Amino acid sequence: MERREYMKTTEYILGLIESGKLKKGDRLPTERKISEELGTSRNSIRESLRTLENLGIVESRHGSGNYLTDNAAATISHVVNIMLLMDNASREEICTFRRYTEKAVCSYLIEKNCTQEWKTYIQNAVEQLEDISDKNLLAKADKQFHYTLIHATENRFWILMTEAVSEVYRTWIDNALSAASQDIVQCLQKAHREIAQGIAGGNLSLCLDAVDRHYDIIDEILS
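Here the structure is a predicted model, which is why all the values come from computation and not from measurement. Sequence order as written defines the numbering, with residues in each chain counted from 1. Reporting in this predicted model follows two pLDDT cut-offs: at least 70 for local features of residues, and 80 or more for side-chain atom pairs to be given and counted; totals over whole chains, interfaces and linings ignore these cut-offs and use all residues. Heavy atoms throughout the structure, all of them, feed into the side-chain values; hydrogens and water do not.

### Observations regarding the overall build of the protein chain
Helical segments are the DSSP runs of H or I of at least four residues, strand segments are the runs of E of at least two, and each set is numbered from the N terminus. Helix and strand counts for the protein chain come out as 10 helices and 2 strands. The helix and strand sequence of the protein chain, counted from the amino end, reads α-α-α-β-β-α-α-α-α-α-α-α. Taken over the C-alpha trace, the protein chain has a radius of gyration of 22 Å; the compact-globule value for 223 residues is 17 Å, which it surpasses by more than 25%. In terms of principal-axis extent, the alpha carbons of the protein chain reach across some 65 × 40 × 30 Å. Here the protein chain holds 223 residues, and 41% of them are scored as buried. Sequence separation of 24 or more characterises 67% of the internal contacts of the protein chain that already satisfy a separation of 6 or more. Values of accessible area rely on a 1.4 Å probe in the Shrake-Rupley scheme; residue burial ignores everything except the protein chains shown. Split by element, the accessible area of the protein chain, about 12,600 Å² in all, is 49% carbon and sulfur. Under the counting rule used here, the positive set is Lys and Arg, the negative set is Asp and Glu, and His together with the chain ends is not counted. In this description, the location of a charge corresponds to atom NZ of lysine, CZ of arginine, CG of aspartate or CD of glutamate. The positive charge centre, built from 27 side chains, and the negative charge centre, built from 34, are 7 Å apart in the protein chain. Only the C-alpha atoms count toward the radius of gyration. The rule for a globule is 2.2 Å times the residue count to the power 0.38. A simple rule labels every residue: compare its accessible area, found with a 1.4 Å probe on the protein chains alone, to the largest value its type can have, and call it buried under 20%, exposed over 50%, or partly exposed in between. Contacts: residue pairs with any heavy atoms within 4.5 Å of one another.

Quick look at the structure:
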């Protein structure tokens, strides 16, 4: 009985989302209102809300109530970290996934001929990278460059999944950059520049070669 009530509450909330009655940032109906609406116990409602919170769908704010949120990327990152701890994935596998995801992103941007506005954003991200000498700031600018590539696709699912995995991957990249020599940093900056040039000029070969050189350098540092 408790399980059926739990599922009934979950389906009710998901139904509100699907119908458009509940949008990101909106406050959910109170536990009391849900209980009266469905005839379910408060315990089953709380269990459902906790599960939705763990999935990154609901955020509980003390003294204010529960709100529809958008934190799925953090949930996916958490799952990936658990996979690493449980030895269901390796660092090498995640690095390979990230490399070929970026190659697919670049191929897509060139094939679809991304807008001049996005090309400008990508170029600005490269210039910001090249103007930085502080390695701590370099890591932040490197992240911004790769995120700009992903966002240029304007594909929300791609953005969600890549950012989620990247949150795991970024720690390794940041450590690699902090340990990199100036020569290696210059090689990475050249790769970034050629990725941007490839996208701007529609040169897929230049772009993919630069992506491979970038991740070859990172993989070598991490190994």
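### Focus on the pattern of salt bridges
The term salt bridge refers to a side-chain nitrogen of Lys or Arg lying within 4 Å of a carboxyl oxygen of Asp or Glu. Applying the stated criterion across every chain, the model contains 14 salt bridges. Taking the shortest distance from any N to any O, the salt bridge between Arg32 and Glu36 comes out at 3.3 Å. Placement of the pair is Arg32 and Glu36 together in helix α2 (residues 31–38), with a separation of 4 residues, close to one helical turn. Glu36 matches Arg32 in its accessibility class, with the two residues each being exposed. Asp174 is the partner of Arg170 in a salt bridge, and the nearest nitrogen-oxygen pair spans 3.1 Å.

### Thoughts on the side chain of Thr153
In this structure, Thr153 sits in the loop between α7 (135–152) and α8 (156–179). Look past the residues within four positions of Thr153 in its chain and what remains in contact with it is Val105, Tyr108, Leu109, Trp158 and Ile159.

### Examining unusual backbone geometry
Positive phi values are uncommon outside glycine, yet Asp87 reaches one of about 60°. Tracing the chain through its elements places Asp87 in the loop between α4 (72–85) and α5 (91–111). Since its relative accessible area comes to 64%, Asp87 is described here as exposed. Unusually for a residue other than glycine, Asn113 sits at a positive phi of about 55°. Counting through the fold element by element, Asn113 comes out in the loop between α5 and α6 (116–130). Note on Asn113: relative accessible area 52%, which makes it exposed.

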